[in-house]
Amino acid sequence: MADHQPFPAGARRGERPAAVSACPSCGDLAGRGYPECRFCAELVDQAWLQDWQALLAAEQLSEGGSGERELAELVLDDDEIGRFSWTCTDWAMTLVRCSHCASEPATGPLDCVRCSMAEATRWSWDHSGTPDVITPEDHALRVARAVLRAPHRHRAVVASTWRLLIPFLLVGELATTGQIQRVRAHVLAGHYEELAACATHVQLTGLPELYWRRDDSHRGDHQVRLDHPPPPREAEADQVPTEA
Ligand SMILES: [Zn+2]
Ligand SMILES: [Zn+2]
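Residues numbered from 1 in each chain as written. Chains lettered and ligands numbered in written order. Predicted model: local features only at pLDDT ≥ 70, side-chain atom pairs only at ≥ 80, totals over all residues.

A. View of the nonpolar core. With 29 residues, the main nonpolar core has Ala144, Val147, Trp162, Leu165, Ile166, Leu169 and Val183 as its most contacted residues. Taken together, the elements giving at least two residues each to this core come down to α1 (38–58), α5 (136–149), α6 (156–170) and α7 (177–188). Counting residues per element, this core draws most heavily on α6, which supplies eight residues. Excluding its chain neighbours within four sequence positions, the residues that come into contact with Ile166 are Gly31, Arg32, Tyr34, Val44, Ala144 and Leu148. (Core = buried A, V, L, I, M, F, W, Y, C linked by C-beta atoms within 7 Å. Buried ≥ 20, exposed ≤ 12 C-beta atoms within 10 Å, placed from the backbone. Helix = DSSP H or I, 4+ residues; strand = E, 2+ residues; numbered from the N terminus. Contact = placed C-beta atoms within 7 Å.)

Shown next, in the form of structure tokens:
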């Protein structure tokens, strides 16, 4: 193995889309068709894939080769947290199968214990407060991607809210906890289609607060529950909620 920097930063290679645009393939805002729409999937996944390709090159392995899967297993088995970037951890998960349910790890049925363990391990790589490793924007994008790869493991409103937000996360627009809660309240109220028609982040996150949410939305600004098990060493990783 080549030497690895501790806590290497992820998602710093290549260009991000400069502006939100419609996907030429599925017609929704680009990214929102993730992962079913191939164009949306490539757009979202490119930051992950570029890091993985760099790791492959450093290990003198080729994509699709027999060594790639072994490398993925090594990355996931590694108990030295922070040896590989979070993007490589995520990508490695797409290259192996859950030993219990045979799905991609963390995407199997809710009662698969091994998938739950894989999910928890992934978030032990959560380094909020170290934006040189993962920015709040990238953390939100990471959460959105993980939720959309396994929407059945989350409440429908959570998956829908991340689906609405992901085109804006891709261009670096981060919604605040309060804004995300407002979007979620509108999803719960059955307004998904109207929300999906918002062409800008300002429109989407600037919707009026729903009256019945007003009481607890204030409290919610300070009490954001994570939608995945909190990282073991970071109990207050609430800066970017995974569940608004
Ligand atoms: Zn698409
Ligand atoms: Zn499983």
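Let's pick the thread back up.
B. Fine view of the packing of α1 against helix α3 (residues 86–95). Their axes nearest at 8 Å, the elements α1 and α3 cross at an angle of 95°. Our classification of the angle between α1 and α3 gives roughly perpendicular. Facing α1, whose interface residues are Ala47, Trp48, Leu49, Asp51, Trp52 and Leu55, α3 presents Thr87, Cys88, Asp90 and Trp91. Each residue belonging to the contact of α1 with α3 can be placed in one class, and the counts come to seven nonpolar, one polar and two charged. (Axes fitted to C-alpha atoms, helices over the stretch in contact; angles between N-to-C directions. Parallel < 35°, antiparallel > 145°, perpendicular 65-115°, else oblique. Nonpolar A, V, L, I, M, F, W, Y, C, P; charged D, E, K, R; others polar.)

C. Examining α6 more closely. Between its first and last C-alpha, α6 extends 21 Å over 15 residues, near the 21 Å set by a 1.5 Å rise per residue. The sharpest bend along α6 reaches about 35° and sits at Leu164, with the proline Pro167 one to four residues further on. Most of α6 is tucked away, with 12 of its 15 residues classed as buried. Within α6, burial applies to Val158, Ser160, Thr161, Trp162, Arg163, Leu164, Leu165, Ile166, Pro167, Phe168, Leu169 and Leu170. On the buried face of α6, the contacting elements are α1, α5, α7, α8 (192–196) and α9 (201–205). Positive backbone phi, approximately 90°, marks Gly172, located one or two places after α6. (Expected span 1.5 Å × (residues − 1). Bend = angle between axes of the 7 residues up to and from the residue.)

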